[in-house]
Amino acid sequence: MNKPLLAALAALVITGAGAAPAVAATETDSGSAAPAVKAVNFAGTVALSNCSGSVIRMPDSADDDPALVLTNGHCLETGMPDPGEVVVDQPSTRSFSLLNSSGTRVGTLRASKIAYSTMTDTDVAVYQLTRSYASIRSTYGINALTLNDTHPVAGTAISVVSGYWKRIYNCSVDGFVYRMREGGWTWKDSVRYTSACNTIGGTSGSPVIDQSTGRVVAVNNTGNEDGQSCTVNNPCEVDENGNVTVRQGINYAQQTYLLAACFGLDNKLDLYASGCALPKP
């Protein structure tokens, strides 16, 4: 996970850097990819107390469905889920600051529950809100970001959009990691960024947006800070043969296309739906 927020803020003060966002709060925009086909901005992103996130809809979500917020499992207000733990339909009243295209806070959204969260195989949390997509658009003029339902492709130009730090990181998908280990957690098929996306604590939970489609393809979650191997804040890559690689300064995200098969009519979670491969309780 990216550093805790307080550590990130301390680092900013020490270095004199401006506001930056990857871990539960921390990173700065240190590079740019090729010009985006679609302009990526902050509309639909949210700021949490310690992380970033976004209002998302599935490809088949209806306007009157209860809206959803996507962030990391390690950003939960109840603490990080243990390895093997899956949280489903847990009541929550967490609030989210909704941002417009320029990154200005325009309102507060509130959760009714944690629909799904885990740090097993992936690092994700999906909150259900008390308002529908139509209600949010009517009040704030902001649409949800649409989740892509297919596996991303290496070389894709992406933007990591942090609502917490109000910063956008531009880079490309460098590749995919068979298994990534950090502390006691293991994640599958993680997205590895090229070095320009040097996200920091507080950027955790940021949507990773395909610049050509404007759709969410992953959720930002961690990076190797100190060059250590497989420790907290220092994830390592493990290949099919068990070989371990450490890439200090490189950051990662978890793919989100798997979520689309698990949320059906009325945005209801169904972990036993056809094609749903998310971990179950």
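Source: prediction; values computed, not measured.

**Quick look at the environment of A115**
Here A115 lies in strand β6 (residues 105-118). A115 sits in the buried class, given a relative accessible area of 3%. For A115 and D89, which are 26 residues apart along the polypeptide, the C-alpha to C-alpha distance reads 4.6 Å. Those residues in contact with A115 that sit more than four places away from it in its chain are V87, V88, D89, V126, Y127, Q128, F263 and L269.

**With respect to unusual backbone geometry**
Even without being a glycine, C230 presents a positive backbone phi close to 70°. The topology assignment puts C230 in the loop between β13 (216-223) and β14 (236-238). Owing to a relative accessible area of 22%, C230 belongs among the partly exposed residues under this scheme. Of note in the backbone geometry, N267 takes a positive phi value of approximately 60° without being a glycine.

**Remarks on the pattern of salt bridges**
Enumeration according to the criterion identifies 8 salt bridges in this entry. For D63, the salt bridge goes to R137, with nearest N and O atoms at 3.1 Å. Taken together, the residues D63 in the loop between β2 (52-57) and β3 (66-71) and R137 in helix α2 (residues 133-140) connect sequence positions 74 residues apart. For R137, a relative accessible area of 30% corresponds to the partly exposed category. Salt-bridge contacts for R247 lead to E237; the nearest nitrogen and oxygen are separated by 2.8 Å. In this pair, R247 is assigned in the loop between β15 (244-245) and β16 (251-255) and E237 in strand β14, connecting sequence segments 10 residues apart.

Thresholds applied
- Residues numbered from 1 in each chain as written.
- Predicted model: local features only at pLDDT ≥ 70, side-chain atom pairs only at ≥ 80, totals over all residues.
- Heavy atoms only, no water.
- Helix = DSSP H or I, 4+ residues; strand = E, 2+ residues; numbered from the N terminus.
- Buried < 20%, exposed > 50% of the residue type's maximum accessible area, 1.4 Å probe, protein only.
- Contact = heavy atoms within 4.5 Å.
- Salt bridge = Lys/Arg side-chain N within 4 Å of Asp/Glu carboxyl O.

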